[in-house]
Every structure is written in C-alpha cells, then in structure tokens.
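# Survey of secondary and tertiary structure
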Protein chains: 2
Amino acid sequence: SSSSTEDPDQFRTLLQLCVDRYYVSPGQVNTELFQRGMCCNYGPLGTELRRNLLDQWWRSVTRSRAQVFGINTNSGLDRTAEGQGPLRIVDYENLKQLLERQELSKEQLIQEAHLLLQRCPSVRTNLLQGALEQFVPTLGVVSRKLPFGLAETGLCLQPAEGSGCPAEVTQTSLVWFCSLHTSSQWLDHWTRQRLKWWRKFALSPSDFSSSEVPPEELEQAASRGVRIMYSFPWGQESLETLWNRGNAELLHTHQGVRSKLQCRDGRKSIPHVVSITGNMDRGMLAFLSNSLQQLKRQDGKQKLLQRKVLKLHPVLAPVKVALDIGKGATMEQRQVCEGLLLEFLEAKISTWPGYLETLTTSLEQLNAKYDEMGVLFTVAIGENTLESGLLQVRSRDTTIKETMHISEVKNFISKYISAADNI
Amino acid sequence: SSSSTEDPDQFRTLLQLCVDRYYVSPGQVNTELFQRGMCCNYGPLGTELRRNLLDQWWRSVTRSRAQVFGINTNSGLDRTAEGQGPLRIVDYENLKQLLERQELSKEQLIQEAHLLLQRCPSVRTNLLQGALEQFVPTLGVVSRKLPFGLAETGLCLQPAEGSGCPAEVTQTSLVWFCSLHTSSQWLDHWTRQRLKWWRKFALSPSDFSSSEVPPEELEQAASRGVRIMYSFPWGQESLETLWNRGNAELLHTHQGVRSKLQCRDGRKSIPHVVSITGNMDRGMLAFLSNSLQQLKRQDGKQKLLQRKVLKLHPVLAPVKVALDIGKGATMEQRQVCEGLLLEFLEAKISTWPGYLETLTTSLEQLNAKYDEMGVLFTVAIGENTLESGLLQVRSRDTTIKETMHISEVKNFISKYISAADNI
C-alpha cells in the first residue's frame, strides 16, 4: 500500500533532489538564490522547465485574444537621466582612472564622480516602464482603440535587501490598457485567467490562490491590487501581482502630452493601466514543490521503501522520455538507442540519453532516478529488442510497464504529449 | 514584368520598413542600436522574429545530437572578485552616501570607493565563462565521456567603444568539450552545421559564408578560428564565431585541479574547448536584409509601381496570417474575423488582427502592407463570406488569390507551415 506523506523536511528533500537531478546547479549561493525565488544557475532540466513555463505563459497571454502584442524592450541602457533607477552600470576602469587623477581636489573629485555616474546607464528593475514607453508606437496597430495589451518576458534586477547583492528575476509582464470604467472588471478578468493558468499545471490546484491586496499595502500609484499566491511549506508567497495603476505613470512617461495618448472606447480618454507581473523563478519553485510526491510502500519482504516522484505536468516536464539499456549492454543495443533518440528529437520529443551513463545500475534504481527527474516515460532496450523489436515503456504516473514494438513507440509518446497539451 | 533591383538605398529602405512595419520601435538611438547589430526595442513583429530565430537555434543545437545539454547561468551576479569583468553594477544611492561623508580625507574617500566597487557584482559580457563553470556539474550526466556540449542563449553586455554607452547583445553559445586530437575536426563539423543552418532560412544563401580567421586576429587563447559572415550592403560582418580554445581557460576556471576535469575519450585527458558564439540581433538584421525584395512592375496603364516584399522563411516569418475585411465592413464580418482568429491562435498559428484597424484602405494597399510585414497569407472576409462561407486567401510569395471555404482555411495554412518546418 502507498500513502502520500506530509514530511516536515519535504522542502529540504526537494532542494537536494533539484541539485541531484540537474534542475539546479550545486553551490550554496546558488541554492539560496533558488530558494529566494531568484534566477540561479539552472542545470539542463531546470533550463528546460523554465523554457516550457515561459513558453506556456507567452502562449496563454499573447494567443488568448487578438489585442495582445509581444514586445522586447531594452534593459534600460539608453534611458534618459530622468527615468533612471538607482542601479547603474559603471565601467570600473573609467572610475579607476578618475580616482587616480592626482591634480583634482577632493571637491573636484566628488563632482567628477557624480558626473560620471549620471552618464552611466541604469539597469531595469521591472518591465513596466518599457511597456509604458512602447504604448505610443503601438497605437497605430489598434487604431487607438481600447483595450489592448503589451506582453514581455525578461530578466530584471532586484535591488539588494540589506547588505546582500542585487539578484536577477525572470519576470513576465502583461501591461493592459483600458478605459477607467472597465479597469476594475479587467483586473478581475485577468485574475481569473491567471489563476486558472497556474492551477492548470498543478498537481494540487488548491495550493494556488488569489487574494486582494489590503489598502495599506497598495503601491503608490495603485488603486487596487490582487496577488496570486502559492502555499510553500514555510508560508504563502506571491507568484504574480495584478495592479490597477490608473494613468498617472503613463502620463508621466510621455511628459503629460495628453493628445498623444488619447484612445477610443466609446468616448475619447487617456487609458488606465492594469499591470500583471509574474516571477517565473518562484513559479518554477512552486511547481517543483507542488509536484513532489513522496510515497511510502512496503515491498513483499515488508521492507519500507520510499519513492519520490516529481509529477510535473506533462507539458512542463523537461524530459518526456528517457532512453536506457535494460539487461545486457551490447554495442548493438547502444546503436538502437542512438537511432531511437534521433527519431524522438526529430519529432520534437525532449529525450534523455540515459544510455550514455555507463554505470551498471539495476532497472529499479534507474526508474527511481527517472521518477525523481520527473521523466514521463522510460524506454528500455533489452537484449531481445534486437531480435523481436519489442521494448518496454514504463509510465512515471502509473508505474505500469507496457511492451511495445519499436516502430510504435514514437507515435505513442507523441500522441500522449499532444493530448496533454490540448487540455 | 517584374525585376529585382540592386538599390543603393536598399538599406535605408529596409530600416524605414522595419520601423513602419513593427519590427523595430521608432527613435534614433534605437535604430542605431539595430544597425550596429545590438539588442534594441523591438516591436511586436521583431519580438516574434527574434523568438522564432532563437527557437530554431535552440532546436538545431540541443536536438541535433544526444550530448548537447541546455543550461542557464546567472549573469555574473554572484561571481567571486577574481573572475570579475570591468562592468560593475553599482547602487548609486550607496555611492552618493559615501561621497557625502564629510569626515573622510581625499585619500580615505578614494580607498572607500575602491572597496565599494570591488564588492559590486559585475555584468557578463559573454556566455563562455558560465559554461566553463558548469562543466564539472555536467560531468555526471555523461559519465565523464567526451564529447559533449553546453548550450545557452541570453543577453550579454558589450563594453562601450570609445565614448559610447555599453549595449546589449542577444547571444547564443554552444561550448563543446572534446579531446585534443578531435578538436579541429569538431571545429570543421560545427562550421558546416552552422553555415547550413544560416543558409537554410536564407533567400540568397550565398550571402552567408564562412572564413578562417587569419593568425594575426586570433583571440588570446585560440589556436584556430572560423567566422560565419554575412554580406551586408556596406560589407561583410560576422554573425557567429567558432574558436578552438584549447584547455587553458577551463583549467583556470577550476583553479588547475586536473583530477576534477579529467574525461575519457579512449584515454584520459583534460578536454579541449570549441566555442561557437552567435549574435542573434545581427542575425535578425541579416535575415531581414536578405529577405527584402524590391520589385518594379508596370501596371496596365504603364504606371511604374514598386512592390516591397519581406520574403522571410515561413518558419521565421513572425506573422503567418493576416485577417482582414474585404468589401463591406459590417459587424457580422468582424465577428467572423474574431472567430477565425481564435481558431487560428488555438492551432498555434500566429495571426495579425488586421480587422482591428478601422482605416478604410483598398485591398491593394492592404496587400502591399502585409507584403512589407512579410505575412505569409492574407485572408479576406468579404460581404459574401457570410452567405457562401467562401473567402479569399492570398499568398505573399505567389501573389495568387485562392477562393476557399472557411472550414478549410485553418488546415490549409497549418499544413503549409508544418511542411516548411520539416524541410
């Protein structure tokens, strides 16, 4: 019998698993970044998971309706001095040269240092400003008709808290322009959409929730806010935030030139802004945390075994198939693996070349490893595959092994993935 | 009759077209960045083109063979002081506070400023260093067996030339680890692969070429180099560079601990590194430049007309279908457009909502616009579509208009795109 357990050390287990199974690169600084929901060094599986997640976000936002356009804004490198943030990119060599100029008095030195720093480009801390700037060039596309939105994903720097270093975050941003009287409805609309999106990929959808931001926590410009939260073992954290921001920032960005900004939605008006900002590094952490199942079961000899499975949604799972060698490990079996791998890759099925590892482990150990990696299917090429063409396909979710002919396996897996994609 | 022309102003035409047709956002600084092959503010079409290009690169590199693994490395924010580059991220507020400390002498001020800057994180200027650091954690995956590669895409900062500002570049990086005696063969292998890739999407493949780097231009660590070049109207520029780098940098990154780095390829050895680094912003510029056709033709009345078409490869084209309204512009026609759009988006066909623009232009003007955008097909919903279910589908490449039933058009376009994708 098997039962799901609420392990108090579950999160430590997850962290270790992420490092062992190529989601997160080893190193203390790195796992700390990962825990804090910051962008860290991801291993091959973490990299692919992040790609899948960003892809799904992009698709759900830009392809949900006609009026959402993707943009790419520069990280603030060519901003004018006015809009600049506190984090600046400084060429240390230039500053060194300045500090070495003996002829300057202390006052002159200070003045020159200020001049140098004011000329330095700043680093963006969010994607909102870029979208506000791109508002005007996009007006032509929609003939000044509201509502419409601008979508972007990218890295943003988060200023250091206390003595720490600034760190990067993989941000998603949808900036939605609409009329004043519809803005609160749109905030509700996008809250529902976003919550639905998070829950769609969850193993326990109820761990994802939305909650209204209390008035005392509202950001400067905002009249209303909603947070999409995830219940981590240590408490709730915000994955995505929606703000009803009014139009003051938009006006400020365009120096208050109202005629440039005017849109139509029934009557003429300056659009109001609803911003939807997500942290996809923390999103990854949430889905990984949500999908880890620890199952205890007793084997025939009454020995207590623990099975850890990363039940990531088929669409998010970074590896769909692992190719490995069952009994025997002949050169011919390897060649069959290599051929099958190329066939899978051509069909755009992300495949793990397990047969490259030459360690002799039991098939049971292999399965445990692939379960921890969250691999959907394991295909084992046995000695008899060479003669009969038959191989074993094991499912992560059912643990059932099916015998299949080598000519059928690609279609079987392709169909499974595209079915999961179309839900 | 029509003929292709070699316009001396062709590049100025291209720049204007990119701004007018939502590839590049307006603004002088922005178009200058774009011309220099740097990352700029891209409009909706430029954003999608960059996505498609990066996607194709990722696919071609990580799915070409078993031994290429994707990674994501931090932009150098948690590097130790040793490996730091000249570009530092400074919190201006902290530095301001320091400069305002009256009690410090000039010497003390200088010393404190150095201390502050040394603690500041540096910004990465390439992806190589990250891959060299991830070499050791990846060894487990391949059981220390050569060859294998690490792939990454991301933004890197390019130090300013002269008095200019530093600018960002969308870099692609494959770092390939192999034995000394195979490294030159691998350099040749990857040169062939990469050149084939660039030419696959080109209208005039011969504009893309490869050339050996002359000995006097070799980078410090490199024993051999090859550049993939594109013939821009103003001359050749490099899109991707392949270097045979030896193993000195790898050893340096891991403090010379040879035992940690040892791999097997027949015998034990420290791997040699072949780096393949691309600039995908310049790649976009190359494909845009390569795909612009200017055709002169005389109409029935002997009037000279010029037609500009952006013949981007179907896989790269940011918009596959434009949906527009032919004769008449009733509410019902709009609703048909809206329904068809959602159907297309669901089938993952990138669609342009031309019907949102309410300007009354002739169908001829519309076609000219969509040709300049590089849209593969234009679907026009006429008045009679409502009764007969028939609509017109115009092809960018043949300019032929086909009448089709509304129930067939999605499959027709899907098939066309997937056929182009599988070549």
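Residues numbered from 1 in each chain as written. Chains lettered and ligands numbered in written order. Predicted model: local features only at pLDDT ≥ 70, side-chain atom pairs only at ≥ 80, totals over all residues. Heavy atoms only, no water.

Here we come to the pairing of strand E7 (residues 224–232) of chain A. Residue and element names in this part refer to chain A. E7 sits mainly inside the fold: seven of its nine residues count as buried. Two strands pair when backbone bridges link them, and strand E6 (residues 208–212) and E7 are joined in this way by five bridges, in the antiparallel orientation. Pairing of Ser211 across the sheet is with Arg227, part of E7. Pairing geometry for E7 and strand E8 (residues 235–246), over nine bridges, is antiparallel. Among the inter-strand pairings, Ser231 is bridged to a residue of E8, identified as Gln236. (Buried < 20%, exposed > 50% of the residue type's maximum accessible area, 1.4 Å probe, protein only. Helix = DSSP H or I, 4+ residues; strand = E, 2+ residues; numbered from the N terminus. Pairing = 2+ DSSP bridges.)

Here we come to the relation of the copies chain B and chain A. Expressed as a screw transformation, the operator carrying chain B onto chain A has a rotation angle of 180° and an axial translation of 0.0 Å, and the superposed copies differ by an RMSD of 0.1 Å. Here the copies are linked by what is in effect a two-fold axis. (Least-squares fit on C-alpha atoms with pLDDT ≥ 70 in both.)

Relative to each other, helix H3 (residues 44–62) of chain A and helix H3 (residues 44–62) of chain B sit at 150°, their axes nearing to 14 Å. Relative to H3(B), the element H3(A) lies roughly antiparallel. Between H3(A) and H3(B) the crossing geometry is left-handed. Where H3(A) approaches H3(B), its residues A:Thr47, A:Glu48, A:Arg51, A:Asp55 and A:Trp58 are matched on the opposing element by B:Thr47, B:Glu48, B:Arg51, B:Asp55 and B:Trp58. (Axes fitted to C-alpha atoms, helices over the stretch in contact; angles between N-to-C directions. Parallel < 35°, antiparallel > 145°, perpendicular 65-115°, else oblique. Left-handed = near helix turned anticlockwise from the far one by under 90°. Contact = heavy atoms within 4.5 Å.)

Contact residues are listed per partner, giving 81 residues for chain B and 82 residues for chain A. Summed over both sides, the interface of chain B with chain A buries roughly 7,200 Å², with 57% coming from carbon and sulfur. For chain B, the biggest contributors to the area lost against chain A are B:Arg63, B:Asn72 and B:Tyr92; these three give 10% of the whole. In this structure, the connection of chain B to chain A is made through six salt bridges. Note that A:Glu48 and B:Arg63 form a salt bridge whose closest N and O atoms lie 3.8 Å from each other. In terms of residue count, the dominant contributor to the side of chain B that touches chain A is H3(B) (eight residues). Its residues placed into classes, the side of chain B that touches chain A shows 42 nonpolar, 20 polar and 19 charged. (Buried area = accessible area lost by both parts, 1.4 Å probe. Salt bridge = Lys/Arg side-chain N within 4 Å of Asp/Glu carboxyl O. Nonpolar A, V, L, I, M, F, W, Y, C, P; charged D, E, K, R; others polar.)

Among the residues making up helix H4 (residues 92–99) of chain A, those that are buried are A:Tyr92, A:Leu95, A:Leu98 and A:Leu99. Down the axis of H4(A), the sector holding all buried residues measures 120°, keeping them to one side. Buried residues belonging to H4(A) abut strand E3 (87–91) and helix H5 (106–119) of chain A together with strand E3 (87–91) and helix H5 (106–119) of chain B. Its side-chain oxygen at 3.1 Å from the backbone nitrogen of A:Glu93, A:Asp91 defines the N-terminal cap of H4(A). (Arc of directions from axis to C-beta. Polar contact = N/O pair within 3.5 Å; in protein donor to acceptor, adjacent residues only side chain to side chain.)

On inspection of all chains with the given rule, the structure shows 36 salt bridges over all chains. We note a salt bridge from B:Asp55 to A:Arg51, for which the minimum N-O separation is 3.4 Å. With one member in each of two chains, B:Asp55 in helix H3 and A:Arg51 in helix H3 form a pair that bridges those chains. Note that B:Glu237 and B:Arg282 form a salt bridge whose closest N and O atoms lie 3.4 Å from each other. A residue pair is termed long-range when its members are at least 10 positions apart, and B:Glu237 in strand E8 (residues 235–244) and B:Arg282 in helix H10 (residues 280–291) qualify at 45 residues.

Let us look at H3(B). Think of an α-helix as 3.6 residues a turn; residues three or four steps apart then line up on the same face. A rise of 1.5 Å per residue sets the reference length of H3(B), with its 19 residues, at 27 Å; its end C-alpha atoms lie 27 Å apart and thus fit the reference within 8%. Most of H3(B) is tucked away, with 15 of its 19 residues classed as buried. (Expected span 1.5 Å × (residues − 1).)

This structure, assessed with the given rule, holds 42 aromatic pairs over all chains. Plain terms: the ring middles of B:Phe201 and B:Phe287 are 6.2 Å apart, the flat faces sit at 85° to each other, and that makes the pair edge-to-face. With B:Phe201 in the loop between helix H7 (183–200) and strand E6 (208–212) and B:Phe287 in helix H10, this pair connects stretches of sequence that are 86 residues apart. Across the pair, B:Phe287 and B:Phe201 agree in class, each one buried. Every member of this aromatic cluster is reached through a ring pair, and the members are A:Phe11, A:Trp197, A:Trp198, A:Phe201, A:Phe208, A:Tyr230, A:Phe232, A:Trp234 and A:Phe287. A cation sits over an aromatic face here: A:Lys96 above A:Tyr92, 4.6 Å from the ring centre. (Phe/Tyr/Trp six-rings, centres within 6.5 Å; stacked < 30°, edge-to-face > 60°. Lys NZ or Arg CZ within 6 Å of the ring centre and 35° of its normal.)

Attention now goes to the sheet that holds strand E17 (residues 390–395) of chain B. All names here are of chain B. Read from one edge to the other, the open sheet built from five strands follows the order E15-E14-E16-E17-E18, with strand pairing classed as mixed. Strands with a single pairing partner mark the edges of an open sheet, and in this sheet they are strand E15 (351–352) and strand E18 (401–405). As defined by bridge partners, strand E14 (residues 321–325) adjoins strand E16 (residues 377–381) across five bridges and the pair is classed as parallel. Each residue of the ladder has a partner; that of Ala322, found in E16, is Thr378. Contacting E14, E15, E16 and E17, helix H11 (residues 331–346) crosses the sheet at an angle of about 170° to E14. Against the sheet, helix H14 (residues 409–421) engages E14, E16, E17 and E18, with an angle of about 175° to E16.

Residue and element names in this part refer to chain A. Pairing is mixed across the open sheet formed by five strands, whose spatial order is E15-E14-E16-E17-E18. The open sheet has two free edges, formed respectively by strand E15 (351–352) and strand E18 (401–405), since each of these has just one partner strand. Bridge analysis of strand E17 (residues 390–395) against E18 gives five bridges, and the strand direction is antiparallel. Considered in E18, the bridge of Arg394 is made with Lys401.

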